[in-house]
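Residues per chain, in single letters:
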Amino acid sequence: MRMYDLIHKKRNNQQLTDEEIKFMINNYVNGGIPDYQMSAMLMAIYFNGMNDREISTMTNVMAQSGDMVDLSSIEGIKVDKHSTGGVGDKTTLIIAPVVAYYGVKVAKMSGRGLGHTGGTVDKMEAIPGLKTNFSQEEFFNIVNKTGISVIGQSGNLAPADKKLYALRDVTATVESIPLIAASIMSKKLAAGSDCILLDVKTGSGAFMKTLDDSIALAQKMVTIGENCGRKTVALITDMDIPLGNNIGNSLEIKEVIETLKGNGPKDLTEICIKLAGNMLYLADKGTIEQCENLAKEAIEKGYALNKLIEIVEAQGGDIQYIKNPEKFEKSKYSLDVILEDNIDGYISGMDTEGLGIASTMLGAGRETKDDNIDFSAGIILNKKVGDKVKKGDILCTLYTNDKNKLESARKKVISSIFTDKNKPKDIPLVFARVEKSKIEKF
Ligand code: URA
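Residues numbered from 1 in each chain as written. Predicted model: local features only at pLDDT ≥ 70, side-chain atom pairs only at ≥ 80, totals over all residues. Heavy atoms only, no water.

### Details of helix α9 (residues 177-191)
Now for step 1: For α9, which comprises 15 residues, the first-to-last C-alpha distance of 21 Å matches the rise-based estimate of 21 Å (1.5 Å per residue) to within 8%.
Now for step 2: Looking one or two residues beyond α9, the residue adopting positive phi is G192, at roughly 90°. (Helix = DSSP H or I, 4+ residues; strand = E, 2+ residues; numbered from the N terminus. Expected span 1.5 Å × (residues − 1).)

### Considerations on the nonpolar core
Now for step 1: Formed by 76 residues in total, the largest nonpolar core has its most connected members in V98, L260, L308, I322, I379, L398 and V413.
Now for step 2: The element contributing the most residues to this core is helix α12 (residues 266-282), with nine residues.
Now for step 3: Viewed by domain, this core spans two of them, domain 2 (79-323 + 430-441) and domain 3 (331-420), each represented by three or more residues.
Now for step 4: Not counting residues within four places of it along the chain, the set of residues in contact with L398 comprises Y333, S334, L335, V337, L362, G378, I379, L406, A409, R410 and V413.
Now for step 5: If you look at the next biggest cluster of nonpolar residues, it comprises 58 residues, including I7, M208, A218 and I224. (Core = buried A, V, L, I, M, F, W, Y, C linked by side-chain atoms within 4.5 Å. Buried < 20%, exposed > 50% of the residue type's maximum accessible area, 1.4 Å probe, protein only. Domains from an automatic or database assignment. Contact = heavy atoms within 4.5 Å.)

### Focus: the site of the ligand
Now for step 1: All residues adjacent to the ligand are Y165, R168, I180, S183, I184, K187 and F207.
Now for step 2: Separating an oxygen atom of the ligand from a side-chain N or O atom of R168 is a distance of 3.0 Å.
Now for step 3: Residue K187 places a side-chain N or O atom 2.4 Å away from an oxygen atom belonging to the ligand.
Now for step 4: Those elements that provide at least two residues to the shell around the ligand are α8 (159-169) and α9.
Now for step 5: Of all the elements, α9 adds the most residues to the shell around the ligand, at four residues.
Now for step 6: Considered class by class, the residues forming the shell around the ligand number four nonpolar, one polar and two charged. (Near = heavy atom within 4 Å. Polar contact = N/O pair within 3.5 Å; in protein donor to acceptor, adjacent residues only side chain to side chain. Nonpolar A, V, L, I, M, F, W, Y, C, P; charged D, E, K, R; others polar.)

### Points about the pattern of salt bridges
Now for step 1: Under the definition given, this model contains 30 salt bridges.
Now for step 2: Note that R410 and E340 form a salt bridge whose closest N and O atoms lie 3.6 Å from each other. With R410 in helix α17 (residues 406-414) and E340 in the loop between β7 (333-338) and β8 (344-350), this residue pair connects regions lying 70 residues apart in the sequence.
Now for step 3: Linked through salt bridges whose partners overlap, the residues forming this network are E340, E407, R410 and K411. (Salt bridge = Lys/Arg side-chain N within 4 Å of Asp/Glu carboxyl O.)

### Comments concerning the packing of aromatic side chains
Aromatic rings in a pair are described by how distant their centres are and how their planes are angled relative to each other.
Now for step 1: A complete count under the given rule lists five aromatic pairs for this structure.
Now for step 2: Plain terms: the ring middles of F139 and F140 are 5.9 Å apart, the flat faces sit at 40° to each other, and that makes the pair tilted. One exposure class covers both F139 and F140, and it is buried.
Now for step 3: Considering the side-chain rings of Y321 and F328, the 5.2 Å spacing of their centres and the 65° angle between planes classify their relative orientation as edge-to-face. The two residues Y321 and F328 agree in class, both being buried.
Now for step 4: Following the ring pairs from residue to residue traces out a cluster consisting of Y101, Y102 and Y303. (Phe/Tyr/Trp six-rings, centres within 6.5 Å; stacked < 30°, edge-to-face > 60°.)

Below, the structure written as structure tokens:
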């Protein structure tokens, strides 16, 4: 078999056989196929796509390129959750304690920030002392004891995805439905949970910018999960504005704590109840409505906050920071961003990716792979889409430990928040729910 012939086939919009896909992925991982040939293949897939069989085969081969985690020593139903990436998305740290309170096990491997989007592992490490790097045995022990553990992705989980993702990142082939579906699902299958909830983001802050593309991606991923024996549901959720008000690592942890105390922003609280409700549903805890009510109760009665304290303690974190969030170190510098336009109107929209980039510029994310994160850096939004505004209002406050970063971040924020005389129409937080052979639009 020759890689040249496979590229030629895909370029001419023909299907690859299972044997050809195995040859291509396995030889790329072991160095037998060079980056330039794989780049040509990725571009051919970007333009000509893959059918469901090709995507499923590619996903399985990528999953099996490294460790397949066996979670059978953890008792009970294990549910995983994956977000396709967003700005201000701290939902994992709210919903994992909610579902764990009801006995559902969450043995989760999470990523770090990628591009303009934040990562759960970076956010968790903003809690002093907290570790995200454990041996498999320690990881399983924490899940058995507390019901949850969230750790960094192990080095050998779907190494084919690691290599392909890095190549896609530099060959303009990230935004391809078959490639995203195979990338995400290979990691989810390798991570070993029984059920998978996918949070597919749509809008200006997401990789998929339109609802149709987001639904198509969700359908592919649900089909792959179900064909591999994992109960899988996807929610299509809004990423046209950041989730909640806080962007940046320790700022987001503070918002997680407030939300678990029942004082969180409305959008974040609502979306977390929907996501947690669907995870409980996947674990057979009742109908969607019953499960959403359970999720509400765990927040209202403080059960989920107590669960968060348990998991932080189990992972070595200082729980005093969760009990007294004012203990989190404040950044040395802050700057209020003032609305300068002569307007009496509304916030009409936000370039969410732009706000994510501004937060990274302040130090909350990495500009290069080896950068250190400034945990206290970020943005607190004072106004969101639909809020009334006039000249002189504070739109948001920027936080950083490097004074020189304030002005460029302020300019980026100003160009990412839009105003209008007219109130924008309300948009739903959840646009659709995709289950095996069923799509509900809201
Ligand atoms: N997240 C992933 O893990 N892979 C993609 O391709 C896109 C988002």
